[in-house]
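As a plain string of letters, each chain reads:
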Amino acid sequence: MAVELCLLLLFCGSTISEVQPIYKPPPGTLDFGFVPAKTYDTGAYHEPGAIGILFKIVHAFLYLVQPNTFPQDLIRKIAQQQFGNTQGDYQKAIYYEIGFIVSAALGLLFILLLPLVGLCFCMCRCCDNCGGEMHQRQKKNADCQRSCFATFLFVASLIISVGVLCAYAANQHLTNQVRGAKKLVNSNFKDLKIFLNDTPAQIDYLVSQYNTTKDKALSDLNNVGPVLGTRVQEQLGKEVRPALDAALTMAGAIRETKEALENVSVSVEVLQEGTERLHANLTDVKMHLSNTLNDSACSAAQAASTCNIIRNSLAQLNINANFSGLPGVSSQLAKINDVLKIDLSSLVQKGYAAFNDTPDLVVNQTRNILSDIKSVLESIGSNITTFTRALPVQKILADLMLHLTQSEAYVQDYFPIVEQYDFYRWLGCLILCCMLVLILVFYYLGLLCGTCGYDKHASPTTRGCISNTGGNFLMAGVGFSFLFSWLLMIVVVLTFVTGGNVEKLVCEPFEDKNLFKVLDTPYLLNKHWKNYLAGVIFKNPNVDLTFEKVYSDCKENKGIYTSLHLEHLFNINELLNISMYTEDVALKIEHIQINLSKIILLDEIGKENLLNFSSSGIDGIDFSAYLTEINKSVTKVDLLSFANDLEARADQLPKGALENALKGHANNIRMIHNQQVVPLEQAMSTLNQSIRLLKRTSSELMVKVKNVISAVNAAQDLINNNASQVIVQETKKYMDTIIGYFEQYTEWVKESISMEVAACKPIANVIDTAVDIFLCSYIADSVNTFWFGLGGSSMFLIPAIIFAVKLSKYYRRMDTEDVYDDSVEQW
């Protein structure tokens, strides 16, 4: 059954792949969910309750009796039938068992001597010796002796009572645990059935999750354009997009140049006409002002100085900037208009559109290869399903379930027999306890009757009936002590030697796993096999498979595949070699050929258009002449300031015609400023902006254009000649992503097989239930506590006998008596 179980769980692990990953891609994480698993009911742990205190006391006593460490070497020699080959083996065994040997020897001595002493004691009393003579010599300290003997006997009886209670509690605990063991046994069988029934569903779940991998891979394949095409586009775009952006920027610069040239042409014309008109108007103003100042009113003393000042400032009323000599830009504008006959922006946008069609090109050129890859993925899933169905899982499961059902039926049939024999054991142990209880009853009745019926004023020959009955009870207890003590001690010695050694040689080594170390000793259980467990399962004893490792792994609820190292028995790679399929996928992906030569970023017309722009002649404009005149003011003096000053000086004159005339001229100057100077200043600002823009544009224009054309040519050359390297690189990344999904699936299957599929916790629970709970906690602890209580009670029968015999002399009615005698009583 065990071998079939191993084979089943071996087949369970057949979906795992041990192929080491070749690639380390960063694919998106796939969610495979959780492997379906049911919770096991068995809790392989026993809590004894209040009686656990007694168990700990017994363990402490056993440690005092046997403090030596587990004798691994001796056990190995015994198992290998080599014990006694060397003289030191017996010495080591005696040294290890010395505590048990001495204790057992004392017990045997008790068994032999106590009945013999009892026989001699009875014969001695029959001869009226040893206290058999019904005569008591009275002493002055008789009351003190009686009280002491009664106290000592009562204490001894109490200790015996405690021992009896311990023995009874242990006896009843074992019976209760045996009666409740059926539930624990059924729980273990239930877990084993869950273990067997749940495994196929787990295998099916692992297989079904291949669809998650396949669906993700197919999703990426169906989206090869957005995935691979976008990646290729992003890599090429690092050079293509800056080149197209530069060309588009240059197209915008051409339009801006045209606008600037038109603004220059219009502004110059406006400035030339405006300055001529302004010059004529200012000349008229000066003439009229001069005529006004020649009036006789200016000859007066109060106005002469003011008129002279005004007269001297008339020269400032004149234009400052001369735009008539500026060169025209009509030729440059005509060339730019010729350049703009070709829409360079549209040509660049076509380049953008062609480049943005890269994902569609990838889709169109990989359609045939992708269909082949999808066929491979479908074949992988079909092969996995076919292989899984070919496994004899159901047959093995049926065989194992049959064995398990038969075993359960066997246990269920024989469990009543176990309970029946346990009842016999319980009854026998109860009889042993009742022997001690009978003795205790006589002792307690003797103490009660003797104490209550004793009359200190009565002489030994006149003692009452109750007191005499108490003494008889005590002697009855002594008699039964001699009759039962040897039988009790025989049981104590046998259970002590057996239970103590089970605790020291099985339970404690099992808890600290030293027992597994002995079982894992090479060539121990089979002199031809280095590792017994590996020899049984794999027929190869050289495989490093140990009992301790299997038990520890199952205790941690790991998968049976990992626990038993079933990879040494079942070559997964030969039966399910996913790497072979991934290689097929990788080869097909590597054969992807993508041709991007149809992408034209900028045709020759566009490039020639750029060259024509660079030779338009805007770099030949005399920008310094323009800037010189632009930086000048329209007039030599600010007309508003001049008008305000003129009006202020008119106010200094006497009221009259002269004052009014000057204020009229001031208003006329303001009007000229608002109507002529302000528009001229606006035209000069427009001219300034346009000239500076043209100056910036024309700066190294030929170099800029050549750089743009070179960048476009380089990007086009990358697409035509070097794109294959980029495509190969991105195809490799794309392939790594697809393969990465399979690697994730493989790693997930390995992890699931190792930790979740066929988790062997029930096997460890069966071992724990059989050894730690049944053998050690139920049987060994109860048996050891039983002999501990029974043995302690038996040992205290000796002082109880002595004190009872001594005390009975003070309770029983004597035939003769003395008055006082201080001599020592002889019995």
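Residues numbered from 1 in each chain as written. Predicted model: local features only at pLDDT ≥ 70, side-chain atom pairs only at ≥ 80, totals over all residues. Heavy atoms only, no water.

### A closer look at unusual backbone geometry
In terms of backbone geometry, most residues other than glycine have negative phi values and most peptide bonds are trans. Basically, it comes down to this: Only DSSP runs of H or I with at least four residues qualify as helices, and only runs of E with at least two residues qualify as strands; both kinds are numbered from the N terminus onward. Burial here depends on accessible area, computed with a 1.4 Å probe over protein chains only, as a share of the maximum for the residue type. Under 20% is buried, over 50% is exposed, and the range in between is partly exposed.
Of note, the phi angle at Lys 513 is positive, near 65°, even though the residue is not glycine. Along the chain, Lys 513 falls in the loop between α14 (465–511) and α15 (514–519). On the basis of relative accessibility, which here comes to 27%, the residue Lys 513 falls in the partly exposed class. The phi dihedral of Asn 557 is positive, around 65°, even though this residue is not glycine. Mapping Asn 557 onto the fold places it in the loop between α17 (547–555) and α18 (560–563). Classification of Asn 557 as partly exposed rests on a relative accessible area of 28%.

### A look at the nonpolar core
The nonpolar side chains of a soluble globular protein tend to be buried with one another. Rule in force here: Nonpolar cores are built from buried Ala, Val, Leu, Ile, Met, Phe, Trp, Tyr and Cys residues. Side-chain atoms within 4.5 Å join them into one set.
Core analysis: the largest hydrophobic core is formed by 80 residues, its most contacted members being Leu 289, Leu 317, Leu 601, Tyr 626, Leu 662 and Ile 669. Elements that contribute at least two residues to this core include exactly α7 (224–293), α8 (301–312), α9 (330–339), α10 (344–356), α22 (623–630), α23 (639–651), α24 (657–698) and α25 (701–755). Here this core takes 20 residues from α7, the largest share from any one element. In terms of nonpolar packing, the next biggest core, distinct from the first, is built from 53 residues, Cys 507, Ile 560, Tyr 561 and Ile 738 among them.

### Re empty space enclosed by the protein
Defined as follows: Of the grid points, spaced at 1 Å and generated over the protein atoms alone, those admitting a 1.4 Å probe that cannot get out make up cavities, while open sets with protein on both sides within 12 Å along at least five of seven lines make up pockets; any residue with an atom within 4 Å of a point is treated as lining. Grid points are joined across faces, edges and corners, and a volume is the space filled by probe spheres set on the points. Basically, the charged four are Asp, Glu, Lys and Arg, the nonpolar ten are Ala, Val, Leu, Ile, Met, Phe, Trp, Tyr, Cys and Pro, and anything else, Gly included, counts as polar.
Summed over the entire model, instances satisfying the criterion amount to one cavity of 30 Å³ or more. As a volume, the largest cavity reaches approximately 30 Å³. Taken together, the residues that form the lining of the largest cavity break down as five nonpolar, three polar and two charged.

### Structural notes on the state of the cysteines
Defined as follows: The term disulfide is used for any two cysteine sulfur atoms that are within 2.5 Å.
The tally for this structure, following the rule as stated, stands at two disulfides. Disulfide pairing is shown between Cys 507 and Cys 776; the S-S distance is 2.0 Å. Looking down the S-S bond of the Cys 507 and Cys 776 bridge, the torsion is -100°, so its handedness is left-handed. Here Cys 507 is found in helix α14, whereas its partner Cys 776 is found in helix α26 (residues 761–795), with 269 residues between them in sequence. In this structure, Cys 507 and Cys 776 share a single accessibility class: buried. Note on cysteine connectivity: Cys 554 is disulfide-linked to Cys 760, with sulfurs 2.2 Å apart. Taking the sign of the S-S torsion, -105° for the link of Cys 554 and Cys 760, the bridge is left-handed. One end of the pair, Cys 554, is in helix α17; the other, Cys 760, is in the loop between α25 and α26, with 206 residues separating them in the sequence. One exposure class covers both Cys 554 and Cys 760, and it is buried. Cys 148 forms no disulfide, and the closest cysteine sulfur to it belongs to Cys 144, at a distance of 4.2 Å. Considering cysteine sulfurs only, Cys 449 is the nearest to Cys 452, which forms no disulfide, with 7.3 Å between them.

### Structural notes on α22
The criterion, for reference: By arc we mean the arc of the directions from the helix axis to the C-beta atoms, nothing more.
Listed in full, the buried residues belonging to α22 are Phe 623, Tyr 626, Leu 627, Glu 629 and Ile 630. In a view along the axis of α22, the buried residues occupy a sector of 165°, so they form one face of it.

### What about the packing of α17 against α26?
Let me state the cut-off plainly: Note on definitions: angles span 0 to 180 degrees between N-to-C directions of axes, and those axes are lines fitted to C-alpha atoms, for helices only across the stretch in contact. To sort the angles, those under 35 degrees are grouped as roughly parallel, those over 145 as roughly antiparallel, those from 65 to 115 as roughly perpendicular, and the leftovers as oblique. Each crossing gets its hand from how the near helix is turned against the far one by less than a right angle, where anticlockwise is left-handed and clockwise is right-handed. Between two residues, a contact is recorded if the distance between any of their heavy atoms is within 4.5 Å.
Packing of α17 against α26 brings their axes to within 7 Å, and their N-to-C directions diverge by 110°. Accordingly, the angle class assigned to the pair α17 and α26 is roughly perpendicular. Taken as a pair, α17 and α26 cross one another with a handedness that is left-handed. Listed contacts from α26 to Tyr 551, Cys 554 and Lys 555 of α17 are Lys 761, Ile 763, Ala 764, Ile 767 and Asp 768.

### Quick look at the packing of aromatic side chains
The condition that has to hold: Pairing of aromatic side chains here covers Phe, Tyr and the six-membered ring of Trp, requires ring centres within 6.5 Å, and sorts the geometry by plane angle: under 30 degrees stacked, over 60 edge-to-face, intermediate tilted.
According to the stated counting rule, one finds 21 aromatic pairs in the structure shown. Centre to centre, the rings of Tyr 410 and Tyr 414 are 4.4 Å apart; their planes meet at 35°, and the pair counts as tilted. Of the two residues, Tyr 410 and Tyr 414 both sit in helix α13 (residues 393–453), four residues apart, roughly one turn of that helix. What makes Tyr 414 partly exposed here is its relative accessible area of 40%. Judged by centre distance (6.2 Å) and plane angle (70°), the ring pair of Trp 787 and Phe 788 falls under edge-to-face. Note on Trp 787: relative accessible area 4%, which makes it buried. Among the aromatic residues, those joined into a cluster by ring pairs are Phe 61, Phe 100, Phe 496, Trp 787 and Phe 788.

### Re the packing of helix α2 (residues 52–65) against α14
Where α2 contacts α14, the axes come no closer than 11 Å and their chain directions differ by 90°. Between α2 and α14, the angle is such that the two are roughly perpendicular. Of the residues in α14, those in contact with His 59, Phe 61, Leu 62, Tyr 63 and Val 65 of α2 are Phe 496, Gly 500, Glu 503 and Lys 504. Looking at the contact of α2 with α14, its residues break down into five nonpolar, two polar and two charged.

### Let's talk about the environment of Lys 190
Among the structural elements, Lys 190 can be located in helix α5 (residues 142–208). Sequence-wise, Lys 190 and Asp 41 are 149 residues apart; in three dimensions their C-alpha atoms are separated by 8.0 Å.

### Let's talk about the pattern of salt bridges
Applied cut-off: A carboxyl oxygen of Asp or Glu within 4 Å of a side-chain nitrogen of Lys or Arg is what we treat as a salt bridge.
Per the counting criterion, the structure on display carries seven salt bridges. Among the salt bridges present, the one from Asp 553 reaches Lys 558, with a minimum N-O distance of 3.6 Å. Relative accessible area serves as the criterion here: at 18%, Lys 558 is assigned to the buried category. For the salt bridge of Lys 558 with Glu 556, the shortest nitrogen-to-oxygen distance reads 3.5 Å. On the basis of relative accessibility, which here comes to 52%, the residue Glu 556 falls in the exposed class.

### Description of the confidence of the model for the protein chain
Note the threshold: As a per-residue quantity, pLDDT reports the predictor's confidence and falls between 0 and 100.
With 83% of its residues at a pLDDT of at least 70, the protein chain reaches an overall mean of 77. Least confident of the elements in the protein chain is helix α1 (residues 2–12), whose mean pLDDT is 36; most confident is α2, at 90. Confidence drops under pLDDT 50 across residues 820–827; counting only partners more than four residues distant or on other chains, this segment forms 15 contacts.

### Examining the environment of Val 348
For Val 348, the location among the structural elements is in helix α10. A residue is classified by how much of its surface remains accessible, and Val 348, at 0% relative accessible area, is buried. Taking the C-alpha atoms as reference, Val 348 lies 9.0 Å from Asp 603; in sequence the two are 255 residues apart. Contacts of Val 348, omitting those with residues within four sequence positions, involve Leu 244, Ala 247, Leu 248 and Leu 602.

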